[in-house]
Amino acid sequence: MSGNIVITGASSGIGRATAELFLEKGWTVGMLARRAETMAEIASSNENAVVLPSDVTDPSAVESAFARFRRTAGRLDVLFNNAGIFGVAAPIDQVPVETWMAVVNVNLNGMFLCAREAFSAMRLQDPQGGRIINNGSISAHVPRDGSVCYTSTKHAITGMTRSLSLDGRPFDIACGQIDIGNARTPMVAAQCERAREAGLPEQETMDVRHVAEAVLHIAELPLEANVQFMTVMATKMPYIGRG
């Protein structure tokens, strides 16, 4: 099975790994991120890649990117709403207000803008319907210390997922969430480095491709079925019981 998907944050980490896997499987992939050069490298070897250089926090840029993808691909079957940033690892009184605003702008406002465009396209296209997969995090359930910005936004994404699931029912729009723990990405590498510097035990991680394969599984389901919430994590990471 193949179709048309937009992946945000597609220039690195989970987004890039997912884009590369979907391209391997024959999907038309709209790669939406700020780093056009990185996405162009991927697109240079695959005609099914549509490079959409955009900032997810810019409403007009997001609207234009989705419109361009629909003109190119004809329809939108899936959105992997993935773009996100961590911010700083610090207690709340040491978090600059500007950092809080930036994390909320990317992780919450950006995901809202992209979901809004995808929902509209899926509701109005013929045949109607599609799927939105939000990237939550295990921080949507259990936080790390010093993660007030990231954790707050990921809890908000869970609320967004539930709301979109309900609102999408009349239009055959399914919405689910994948909660990821310690995939080997640059963001997780930075967290591991901070842990080493603090003298904490080495953190367990997993290959990021496992996440991409999980997203593919969800995307390939018929619209009569949905993965509402899925947790994919490094087996030995301290999720159960962490705090």
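This text goes with the structure placed above it.
What you are looking at is a predicted structure, and each value in this text was computed from that prediction instead of being measured.

A.B. asks: So what about the overall build of the protein? Which residues, and what values?
C.D. replies: Along the backbone of the protein there are seven helices and seven strands. The C-alpha radius of gyration of the protein comes to 17 Å, within 12% of the 18 Å expected for a compact globule of 243 residues. The principal-axis extent of the C-alpha atoms belonging to the protein is close to 55 × 40 × 35 Å. The 243 residues of the protein split such that 52% are buried. The contacts of the protein with a sequence gap of at least 6 include a subset with a gap of at least 24, amounting to 67%.

A.B. asks: Tell me about helix α2 (residues 36-43), and please be specific about residues and values.
C.D. replies: Taken together, the buried positions of α2 are occupied by T38, M39, I42 and A43. End-on view of α2: buried residues confined to an arc of 140°, all on one side of the axis. Turned more than 90 degrees away from the buried face of α2, the exposed residues are E37 and E41.

A.B. asks: Could you give me a rundown of the packing of helix α3 (residues 59-73) against helix α4 (residues 97-124), with the residues and numbers involved?
C.D. replies: One way to put it is that α3 packs onto α4 with a least axis distance of 10 Å and a crossing angle of 35°. Pair α3 / α4 crosses with right-handed handedness. Listed contacts from α4 to P59, V62, E63, F66 and R70 of α3 are L113, C114, E117, A118 and A121. A breakdown of the residues in the contact of α3 with α4 according to their chemical character gives seven nonpolar, no polar and three charged.

A.B. asks: Tell me about the packing of aromatic side chains, and name the residues and values.
C.D. replies: Counted under the stated rule, the structure contains three aromatic pairs. Ring centres of F86 and Y150 lie 5.3 Å apart, and the angle between their planes is 40°; this geometry places the pair in the tilted category. Of this pair, F86 sits in the loop between β4 (78-81) and α4 while Y150 sits in helix α5 (residues 148-168), and the two are 64 residues apart along the sequence. For the pair F86 and Y150, a shared accessibility class is recorded, and that class is buried. Ring centres of F119 and F171 lie 6.0 Å apart, and the angle between their planes is 85°; on these two criteria the pair is classed as edge-to-face. With a gap of 52 residues between them, F119 in helix α4 and F171 in the loop between α5 and β6 (173-181) connect regions that are remote in the sequence.

A.B. asks: Give me the nonpolar core: which residues, what numbers.
C.D. replies: V29, I178 and V211 are the most contacted members of the largest nonpolar core, which has 42 residues in total. With 27 residues, the next largest nonpolar core counts F69, V106, I132 and M160 among its residues.

A.B. asks: Summarise a nonpolar patch on the surface; cite the residues concerned and give the values.
C.D. replies: Taken together, the side chains of V97, W100 and M101 present a nonpolar region at the surface, about 310 Å² in accessible area. Within the secondary structure, V97 is located in helix α4. In this structure V97 comes out as exposed when scored by relative accessible area, which is 55%.

A.B. asks: Give me the lowdown on the sheet that holds β6, citing residues and values where you can.
C.D. replies: Spatial ordering of the open sheet is given by β3-β2-β1-β4-β5-β6-β7, a layout of seven strands whose pairing is parallel. Single-partner strands in this sheet number two, and they are β3 (49-53) and β7 (229-233). Averaged over neighbouring strand pairs, the angle between their axes works out to 20° when direction is ignored. Those strands touched by helix α1 (residues 13-24) are β1 (4-8), β2 (28-33), β3, β4, β5 (130-135) and β6, and its axis lies near 165° from that of β1. Packed on one face of the sheet, α3 meets β1, β2, β3 and β4 and runs near 160° to β3.

Criteria and cut-off values
- Residues numbered from 1 in each chain as written.
- Predicted model: local features only at pLDDT ≥ 70, side-chain atom pairs only at ≥ 80, totals over all residues.
- Heavy atoms only, no water.
- Helix = DSSP H or I, 4+ residues; strand = E, 2+ residues; numbered from the N terminus.
- Rg over C-alpha atoms; globule rule 2.2 N^0.38 Å.
- Buried < 20%, exposed > 50% of the residue type's maximum accessible area, 1.4 Å probe, protein only.
- Contact = heavy atoms within 4.5 Å.
- Arc of directions from axis to C-beta.
- Axes fitted to C-alpha atoms, helices over the stretch in contact; angles between N-to-C directions.
- Left-handed = near helix turned anticlockwise from the far one by under 90°.
- Nonpolar A, V, L, I, M, F, W, Y, C, P; charged D, E, K, R; others polar.
- Phe/Tyr/Trp six-rings, centres within 6.5 Å; stacked < 30°, edge-to-face > 60°.
- Core = buried A, V, L, I, M, F, W, Y, C linked by side-chain atoms within 4.5 Å.
- Patch = residues over 30% accessible without salt bridge, like charges linked within 9 Å, V, L, I, M, F, W, Y side chains within 5 Å.
- Areas by Shrake-Rupley, 256 points an atom, 1.4 Å probe, with all protein chains shown as cover.
- Salt bridge = Lys/Arg side-chain N within 4 Å of Asp/Glu carboxyl O.
- Pairing = 2+ DSSP bridges.

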